[in-house]
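The chain contents come next:
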Number of protein chains: 2
Amino acid sequence: TPFQEEKIPELLRKHARLELQMRNDIYSTYHLYPPPELSEIKTTVVYPATEKHLRKYLRQEVHLVRETWEDYRNITLPFIQSQSFSLQWVYNILEKKAEADRIIHENPDPRDGFVLVPDFKWNQSQLDDLYLIALVHRRDVKSLRDLTGEHLPLLRNILREGQEAVAERFGVPGSRLRVYLHYQPSYYHLHVHFTALGYEAAGSAAERAHLLADVLDNLALDSRYYQRRALTCALRADEPLLAKFREAGRL
Amino acid sequence: TPFQEEKIPELLRKHARLELQMRNDIYSTYHLYPPPELSEIKTTVVYPATEKHLRKYLRQEVHLVRETWEDYRNITLPFIQSQSFSLQWVYNILEKKAEADRIIHENPDPRDGFVLVPDFKWNQSQLDDLYLIALVHRRDVKSLRDLTGEHLPLLRNILREGQEAVAERFGVPGSRLRVYLHYQPSYYHLHVHFTALGYEAAGSAAERAHLLADVLDNLALDSRYYQRRALTCALRADEPLLAKFREAGRL
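Named according to an unreviewed UniProt entry, chain A is m7GpppX diphosphatase originating from Apteryx owenii. Its UniProt record gives chain A a comment under Subunit (unreviewed entry), which states: "Homodimer. Associates with components of the exosome multienzyme ribonuclease complex, such as EXOSC3 and EXOSC4. Interacts with NDOR1." Per UniProt, chain A has the following entry under Catalytic activity (unreviewed entry): "a 5'-end (N(7)-methyl 5'-triphosphoguanosine)-ribonucleoside in mRNA + H2O = N(7)-methyl-GMP + a 5'-end diphospho-ribonucleoside in mRNA + 2 H(+)".

Asker: Which residues make up the overall build of chain A, and what are the values?
Answerer: Assigned secondary structure in chain A consists of eight helices and eleven strands. For 251 residues, the compact-globule estimate of 2.2 N^0.38 gives 18 Å, and the C-alpha radius of gyration of chain A, at 23 Å, exceeds that figure by more than 25%. Expressed as lengths along the three principal axes of its C-alpha atoms, the size of chain A is roughly 70 × 50 × 50 Å. Out of the 251 residues belonging to chain A, those deemed buried represent 51%.

Asker: I'd like a description of the packing of aromatic side chains, backed by residues and values.
Answerer: Under the counting rule described, the total for this entry stands at 13 aromatic pairs over all chains. Centre to centre, the rings of A:Y27 and B:W89 are 6.2 Å apart; their planes meet at 70 degrees, and the pair counts as edge-to-face. Taken as a pair, A:Y27 in strand 2 (residues 27-33) and B:W89 in helix 4 (residues 88-94) lie in two separate chains rather than in one. Across the pair, exposure class does not vary: A:Y27 and B:W89 are buried alike.

Asker: Mind laying out the packing of helix 3 (residues 69-82) of chain B against helix 8 (residues 240-247) of chain B, listing which residues take part and the relevant values?
Answerer: Residues and elements named next belong to chain B. Contact pair helix 3 / helix 8: the axes reach a minimum separation of 10 Å and the direction vectors enclose 145 degrees. By crossing handedness, the relation of helix 3 to helix 8 is classed as right-handed. Listed contacts from helix 8 to D71, I75, T76 and F79 of helix 3 are P240, L241, K244 and F245. Here the residues of the contact of helix 3 with helix 8 are counted per class, giving five nonpolar, one polar and two charged.

Asker: A description of helix 8 (residues 240-247) of chain A should follow, citing residues and the corresponding values.
Answerer: The α-helix advances 3.6 residues per turn, and as a result positions three or four apart in sequence lie on the same side. Residues and elements named next belong to chain A. For helix 8, the full list of buried residues reads L241, L242 and F245. Summarising the axial view, the buried residues of helix 8 lie within an arc of 105 degrees, below the 170-degree limit, and thus occupy one face. Against strand 4 (62-67), helix 3 (69-82) and strand 11 (231-236) lie the buried residues of helix 8. Trailing helix 8 by a residue or two, G249 shows a phi angle of about 70 degrees, which is positive.

Asker: Describe the sheet that holds strand 2 of chain A, naming the residues involved and giving the relevant values.
Answerer: The three strands lie next to each other as 1(A)-2(A)-3(B), forming an open sheet whose pairing is antiparallel. Looking at strand neighbours, the two that pair on one side only are strand 1 (17-24) of chain A together with strand 3 (41-46) of chain B, the edges of this open sheet. Here the average twist between neighbouring strands, direction ignored, is 25 degrees.

Asker: Account for the UniProt feature "active site" (unreviewed entry) in chain A, naming residues and giving values.
Answerer: Residues and elements named next belong to chain A. In this structure's numbering, the residues bearing the UniProt feature "active site" (unreviewed entry) are H191. Here H191 shows up in strand 9 (residues 191-196). Given the relative accessible area of 5%, H191 is considered buried. The contacts of H191, once residues within four sequence positions are left out, are I133, A134, L135, L181 and P185.

Asker: Any details on the environment of A:L127? Residues and values, ideally.
Answerer: Residue and element names in this part refer to chain A. By the secondary structure assignment, L127 is in the loop between strand 6 (114-118) and strand 7 (131-136). For the pair L127 and V62, spaced 65 residues apart in sequence, the C-alpha to C-alpha distance is 30 Å. Aside from chain neighbours lying at most four places away, what touches L127 is W122, F170, V172 and A196.

Asker: I'd like a description of the sheet that holds strand 5 (residues 105-107) of chain A, backed by residues and values.
Answerer: Residue and element names in this part refer to chain A. Here six strands make up an open sheet; going across it, the order is 5-6-7-9-8-10 and the pairing antiparallel. Where the open sheet ends on each side, the last strands, each with one partner, are strand 5 and strand 10 (209-211). Taking the axes of each pair of neighbouring strands and ignoring which way they run, one obtains an average angle of 30 degrees across the sheet. Both strand 8 (residues 177-182) and strand 9 contribute to a ladder of four bridges, which runs antiparallel. In the sheet register, V179 faces strand 9, and the bridge partner there is F194. Set on the sheet, helix 5 (residues 152-170) makes contact with strand 5, strand 6, strand 7, strand 8 and strand 9; between it and strand 6 the angle comes to about 35 degrees.

Asker: Quick one: what's the story with the interface of chain A and chain B, residue by residue and with numbers?
Answerer: Interface extent is often summarised as the accessible area lost during association of the parts. Facing 55 residues of chain A, the contacting portion of chain B comprises 59 residues. Across the chain A to chain B interface the summed buried area is about 5500 Å²; carbon plus sulfur atoms make up 57%. Summed over the three residues of chain A that lose the most area to chain B, namely A:I26, A:Y27 and A:I41, the buried surface amounts to 11% of that side. Where chain A meets chain B, there are twelve salt bridges. When the shortest N-O distance is used, the salt bridge between B:E207 and A:R178 registers 2.8 Å. For the pair chain A and chain B, the interface holds 32 residue pairs in polar contact (both at pLDDT 80 or more). Of all the elements in the fold, those that place two or more residues in the side of chain A that touches chain B are strand 1, strand 2, strand 3 (41-46), strand 4, strand 8, strand 10, helix 6 (212-221) and helix 7 (225-228) of chain A.

Reading the values: rules and limits
- Residues numbered from 1 in each chain as written.
- Chains lettered and ligands numbered in written order.
- Predicted model: local features only at pLDDT ≥ 70, side-chain atom pairs only at ≥ 80, totals over all residues.
- Heavy atoms only, no water.
- UniProt positions renumbered as here; feature names shortened; annotations may be inferred.
- Helix = DSSP H or I, 4+ residues; strand = E, 2+ residues; numbered from the N terminus.
- Rg over C-alpha atoms; globule rule 2.2 N^0.38 Å.
- Buried < 20%, exposed > 50% of the residue type's maximum accessible area, 1.4 Å probe, protein only.
- Phe/Tyr/Trp six-rings, centres within 6.5 Å; stacked < 30°, edge-to-face > 60°.
- Axes fitted to C-alpha atoms, helices over the stretch in contact; angles between N-to-C directions.
- Left-handed = near helix turned anticlockwise from the far one by under 90°.
- Contact = heavy atoms within 4.5 Å.
- Nonpolar A, V, L, I, M, F, W, Y, C, P; charged D, E, K, R; others polar.
- Arc of directions from axis to C-beta.
- Pairing = 2+ DSSP bridges.
- Buried area = accessible area lost by both parts, 1.4 Å probe.
- Salt bridge = Lys/Arg side-chain N within 4 Å of Asp/Glu carboxyl O.
- Polar contact = N/O pair within 3.5 Å; in protein donor to acceptor, adjacent residues only side chain to side chain.

Listed below in structure tokens is the structure:
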């Protein structure tokens, strides 16, 4: 439960117990023991709870794996190809068979074009958790790993036109947007995330998010950058891909 | 401050005041008022504090700036040099004049060595928000921007020895640690953050955090990588550096 601002003066005024922990130069740390009325905890009780309830609240451990290009070719790519996770919902959007009324912007070029739509997670009622997704029209780019200098025009279009469309429609300027790709992505059709900078969306941390501006610069410096560099993958303990890395002795 | 697991039975056993808020089927919510000894708050005091310290803790709109190497040389570097934000607390740690008993690991080499200490923000009572900082012994490296292939041995030491020390002391393996640098950092003496992967520490998002493993790979591919590439800076609206970029027409 976060602090409520109006309670802080009370917290400072009351004679709560204070224990010094550490002092260095102008910095010191204390343990503060506030009275019960200032330590309210929001408590949810589920009773009786099923196994499914328990699992929902259990934390899934995440592990980092450092995937070299060889790992990608020998472990990740065969795994992706063996899965048949449907991309039909993506194609429905690209072909206007679904969500056509939700499209915020489209560049129709089959090679360098894309469609920008609000993410499912965003209800569009407030800008604090603004979340949009750019889906590319071409269907032969699975992820960051496939990108080369050839894709620079496509990626530049997404960054420039996407920022312009969000500024125009929602009034949020490019300097207040986090524009990034996930690696690993949750589906293997190239897409780019646009989120409000102040919104710490799950998956915006450095172990998974790659800023599109950085991707552009890396590809401009070295067209084969993403076929040379090892990339970190954050994998949940129950993900099959983690088991593949373990089998290959890479964990 | 997160809950400590071993305190939960105490919290449930003690007769803390409990107020029912809502009941629906098997779900109910309560306000719980725990006794002071179970409501410890970790408190940091900075006294006397400068304007800059105050600003650091105020909530502020953040803007992204794309800093090229020329921007760094013409705007950022002169700004850093004009500031005289004291690094005395860092030197106190390196010279064992403060926090000597808190050192988790040290490699004493003056060029390739470092000291690993718990961050102020971590109370060391639970691993959920584990947070340590590696401070390098050498004093001539301000930030990511200064790093070249020359620093690879130092950076490799930090990654390997840091992970080993955390595994040994706290039982957290390297695959469960986020090891990264900030750009911009909050102080210009090279340091590396070690946080629990499950802990979404402020500053772990892609616009500010650079994984040390990525930094190592980039420098191995190109010794001058961080003198070539533009880097994103997330700057709060009231930061003087943002004003400098604005004055230079870079925003």
